[in-house]
Amino acid sequence: MTDNTNVQNYSEEQIQVLEGLEAVRKRPGMYIGSTSLRGLHHLVYEIVDNSIDEALAGYCDRVEVTINEDSSITVIDNGRGIPTGIHPKLNIPTLQVVHTMLHAGGKFGGEGYKVSGGLHGVGAAVVNALSERMEVEVYREGKIWRQIYEKGIPITEVECLGDTEKTGTKTTFLADPTIFDEIRFEFDILLKRFRELAFLNRKITIVLNDNRKDGENQENKSVELHYDGGIVSFVQYINRNKETIHPDIIFFSGAKEDAEIEIALQYTDSYVENVFSYANDIPTTEGGTHVTGFKTAITKVVNDYARKINALKENEKNLSGEDVREGLTAIINVKLMNPQFEGQTKTKLGNADIRSFTEGIVTEKLTYYLEEHPKTGKIIVDKALLSFRAREAARKAREMTKRKSALESTSLPGKLADCTEKDPSKCELFIVEGDSAGGSAKQGRDRRFQAILPLWGKMLNVEKAREDKVYGNDKLSPVITALGVNIGENIDLSKLRYHKVIIMADADVDGQHIRTLLLTFFFRYMRPLVEQGHIYIAQPPLYRVKKGKEEHYVYNDRDLQRLLSEKNWNREDGNISIQRFKGLGEMNPDQLWETTMNPETRTIIQIQVDDPVVSDEIFTILMGEKVEPRKEFIQKHARLVNNLDI
Ligand code: 28F
């Protein structure tokens, strides 16, 4: 080569490449969010995203993902294959450019692009930089090409390996164990995301294989995901364990120059609303302009229709948005150029034009749909009217409670044994079922910072009841007053009286039941409390094992077996005593303090709401009336249920 400028450019590029790689390896979190299990899985999504992009461009309809035996991942698509020729500006093969150049910045903060979706074409290079080894094969123009990298640095040229008739790209990478907390992928985490992608992109087939053989896994697993119905199938999937109130899933779509949208919806007999939204395949958990446009339109259209069919009289007030969305399951799927992601977790769509775009389409098409399907129209209006009346009743109940508490000298529930500390961040509230357990807890606690609220009366299944019933329920209303934050739309976290709210129930079936009911209540009516990590579950021991002076508390049967075999102790041995606690009330206050309440020695489980679709599913199944799915779920997810301890 005689061209000096080119030689010089090349070395400058080389330096930039190395600096880029170093930046990614130094601050992986900036690029993939974290180096935890979540970040690890993000690597797969980045590679699969490139295949999906190729599919959205119309050149690919199949993506196959395999978890290999060594925990590496292989992704294959049948697209055009990444171009392998020399890049005209950079003078190296485009394939190498794609896998080594980090021109754009990180996406999770820092400089550069602050967007949630897509790494602006540097996804493959970021994954490469964070991989011990990566191998990319391209099938294109009759040839097989390959390049291999280590920690992002090419260790081979782009080589031609022979001939082929197919086209596409195959990427295999082994995540760098010096960067990630662990490099073991979870089949179910990947499956969940790929199912979502398959629903959102109906033309694509995604296959997930697991070729690992270890532990519980002794056979290869393979799942093929393809949904001709797209988001209609998604709604059907979410509602599969719910009672729907009209047969057809309503679907509409629309497009303009730089955006397209599709919406699917169906009502169920439930009292909760499940509107899940996406922008460019990214879940917009904080909502945004597409969601606002949708909500405005559906509220207006249902009100207009209700008046038109005379279900709402002239002198009556409009149905509220909440009324119209009660029991609604909906998916909003928007694809647009230059998405702006805002909000605390960058999951709120900000593009202003999308609001009127969505509102216009929903207004036009839903109006038309209701005209064409008067039966369904009537069902939806009736459902909203029921909600409307219940909300009126709730408002009155709320006013009653306010008035009542204004009259009483103290508004705190009589059963509450409060703590002396007044700083909420230091305070804990134990919610305990029944009198005897409440008694032990009151005696065993550290009264300086631990408060006890024993629960009484009949519990309400909140999944099956509306807000007015919740206020009026003799079991839940003390919880509401003790916490001080109110519920539903009126929630105010700044009034929270205890930063740790710990549900303490027996380890038996009844305890499990009360735990599930309370969790459902928190999840549905005090969601921010769960989201902010204020809700915990206490773990009381199931057994006390004693031999001589040696004493152990054991929390489940598995650990009991373990302890006995570790110590070489025999159950039949009369020296040994195994006490099984049937309930919290059986423990004396000292035991309860030591095993379950003392912050130094106890284990408490923090409840998290990671994924709204999954959480909804868990609560629907666990609380719903359909028995079969509940059994199935518990069998399949025994571990998860254990972890959640519901
Ligand atoms: C297993 C992961 O990464 N698939 C991909 C393509 C196809 C093209 C492309 C990708 C060209 C200049 C960047 C082909 N032919 N699967 C994948 N398939 N990237 S990634 O182009 C990349 C751009 O800079 C492709 C014509 N145009 C594009």
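Preceding this section is the structure that the text describes.
Nothing here was measured: the structure is a model prediction, and the numbers come from that model. (Residues numbered from 1 in each chain as written. Predicted model: local features only at pLDDT ≥ 70, side-chain atom pairs only at ≥ 80, totals over all residues. Heavy atoms only, no water.)

1. Here's the deal with the overall build of the protein
Put simply, the rule reads: Here a strand is any run of E in DSSP of at least two residues, a helix any run of H or I of at least four, and the numbering for each starts at the N terminus. Note on definitions: a residue-residue contact is assigned when non-hydrogen atoms from the two residues lie within 4.5 Å.
Helix and strand counts for the protein stand at 21 helices and 24 strands. Long-range contacts, defined as pairs at least 24 residues apart, comprise 67% of the intrachain contacts of the protein with a sequence gap of at least 6.

2. Some words on the sheet that holds strand S19 (residues 500-504)
The criterion, for reference: Following DSSP output, two strands are said to pair if at least two bridges run between them. Angles here are taken between N-to-C directions and fall from 0 to 180 degrees, while the axes themselves are lines fitted to C-alpha atoms, restricted in helices to the stretch in contact.
Sheet architecture is open: five strands sit in the order S18-S17-S19-S20-S24, paired in mixed fashion. A single partner strand is all that each edge strand has here, and the edge strands are strand S18 (450-455) and strand S24 (604-606). The mean angle between the axes of side-by-side strands here comes to 25°, regardless of whether they run parallel or antiparallel. With six bridges connecting them, strand S17 (residues 428-433) and S18 associate as parallel partners. Paired with Ile431 across the bridge in S18 is Leu453. Here helix H15 (residues 509-525) sits on the sheet and contacts S17, S18, S19 and strand S20 (535-538); the angle it forms with S19, its principal contact strand, is near 150°.

3. Description of the environment of Glu326
Along the chain, Glu326 falls in the loop between helix H9 (321-325) and strand S14 (328-336). Separated by 56 residues in sequence, Glu326 and Ser270 place their C-alpha atoms 7.3 Å apart.

4. Concerning a negative patch on the surface
This is how the line gets drawn: Candidate patch residues must exceed 30% relative accessible area and have no salt bridge, after which like charges are joined if within 9 Å and Val, Leu, Ile, Met, Phe, Trp or Tyr side chains if within 5 Å. What sets the accessible areas is the Shrake-Rupley method with a 1.4 Å probe; for residues, cover comes only from the shown protein chains. Whenever a carboxyl oxygen of Asp or Glu lies within 4 Å of a side-chain nitrogen of Lys or Arg, that contact is scored as a salt bridge. Charged residues are defined narrowly, with Lys and Arg counted positive, Asp and Glu counted negative, and His plus the chain ends left uncounted. One atom stands in for each charge, and that atom is NZ of Lys, CZ of Arg, CG of Asp or CD of Glu.
A contiguous patch of negative charge, built from Asp181, Glu182, Glu186 and Asp188, is present on the exposed surface. Structurally, Asp181 can be placed in the loop between strand S7 (168-175) and helix H6 (187-200).

5. Considerations on the site of the ligand
Which entries qualify depends on this criterion: Here a residue is considered near a molecule or strand provided that any single heavy atom belonging to it is located within 4 Å of it. Polar contacts here mean pairs of N or O atoms no more than 3.5 Å apart (in protein, one a potential hydrogen donor and the other a potential acceptor; neighbouring residues in sequence count only if both atoms are side-chain atoms).
As a matter of local geometry, the ligand sits amid 14 residues, with Ser51, Asp77, Arg80, Gly81 and Arg140 nearest to it. Between a nitrogen atom of the ligand and a side-chain N or O atom of Asp77, the distance comes to 2.7 Å. Note that a nitrogen atom of the ligand is positioned 3.0 Å from one of the side-chain N or O atoms of Arg140. For the ligand, the accessible surface in isolation is 610 Å², of which the surrounding protein chains cover 72%. The set of elements that each furnish at least two residues to the shell around the ligand consists of helix H3 (37-56), strand S2 (73-77) and S7.

6. A closer look at the side chain of Thr358
Short version of the rule: Here the term buried applies to any residue with accessible area under 20% of the maximum for its type, exposed to any over 50%, and partly exposed to those in between, with areas from a 1.4 Å probe on protein chains only.
Tracing the chain through its elements places Thr358 in helix H10 (residues 353-372). Judged by relative accessible area, Thr358 falls into the buried class, the value being 0%. Beyond its immediate chain neighbours, meaning those up to four positions away, Thr358 contacts Ile261, Ile263, His290, Gly293 and Phe294.

7. A short note on the environment of Tyr498
Looking at the element boundaries, Tyr498 is found in the loop between helix H14 (476-483) and S19. Through-space distance from the C-alpha of Tyr498 to that of His534 is 8.4 Å; in sequence the pair is 36 residues apart. Setting aside anything within four residues of it in sequence, one finds Tyr498 in contact with Leu416, Asp418, Cys419, Pro424, Cys427, Glu428, Leu429, Ala451, Ala482 and Leu483. A polar atom in the side chain of Tyr498 sits 2.7 Å from the side chain of Asp418. A polar contact of 2.9 Å, which involves the side chain of Tyr498, links it to the side chain of Arg497.

8. Points about the sheet that holds strand S23 (residues 576-580)
With antiparallel pairing, the three strands of this open sheet are ordered in space as S22-S21-S23. Both outer strands of the open sheet, strand S22 (550-554) and S23, are each paired with one neighbouring strand and no more. The average angle at which neighbouring strand axes cross in this sheet is 15°, direction not considered. Pairing geometry for strand S21 (residues 543-547) and S22, over five bridges, is antiparallel. Along S22, the bridge assignment pairs Arg544 with Tyr553. The strands touched by helix H17 (residues 557-567) within the sheet are S21, S22 and S23, with S22 carrying the most contacts at an inclination of about 155°.

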